[in-house]
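# Examining the three-dimensional arrangement
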Amino acid sequence: MTVKELIEKLKELPQDARVFHLWDGEPRTAINVVYETKNGNVMTADYGQVCYSSSARPKDAPNSEEDRYWETEEDPKGYNEKDDWDY
């Protein structure tokens, strides 16, 4: 899916709804972070997620040799959305 295709899909959905990623049969990851990777893809992630590979990190992030355990930003509110999941 391209960014353009994603935007078109998102326009059809409730604009105030929270966004999650479904894996292992449940909504395991809230989407709170979006960035362009070093290899030109677009990545979605939750707060505080570790990224090991250099190519999956933001363009301005250190590579895996500089920082083996680079993480997405922490939730600025310190809030754990998993507490609100209704599944």
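In what follows, the structure referred to is the one given above.
These lines cover the structure that appears in this document, whether it is placed above or below. Per-chain numbering applies: the sequence of each chain, read as written, is numbered from 1 onward. For this predicted model, a pLDDT threshold of at least 70 governs which residues receive local features, and a threshold of 80 or more governs which side-chain atom pairs are given and counted, while totals over whole chains, interfaces and linings are taken from all residues. Computation of side-chain values: all heavy atoms of the structure, hydrogens and water removed.

### Focus: the pattern of salt bridges
Throughout this description, the term salt bridge denotes a Lys or Arg side-chain nitrogen within 4 Å of a carboxyl oxygen of Asp or Glu. Per the stated rule, a full pass over the model turns up three salt bridges. Salt-bridge contacts for Lys11 lead to Glu8; the nearest nitrogen and oxygen are separated by 3.3 Å. Of this pair, Lys11 and Glu8 both sit in helix 1 (residues 3-11), three residues apart, which is roughly one turn of that helix. Each residue is assigned to one of three classes by its accessible area relative to the maximum for its type, calculated with a 1.4 Å probe on protein chains only: buried under 20%, partly exposed between the two thresholds, exposed over 50%. Judged by relative accessible area, which is 55%, Lys11 ranks as exposed. Asp24 serves as the salt-bridge partner of Arg28, at 3.3 Å between the closest nitrogen and oxygen. Relative accessible area serves as the criterion here: at 59%, Asp24 is assigned to the exposed category. Secondary structure elements are taken from DSSP: a helix is a run of H or I of four residues or more, a strand is a run of E of two residues or more, and numbering for both begins at the N terminus.

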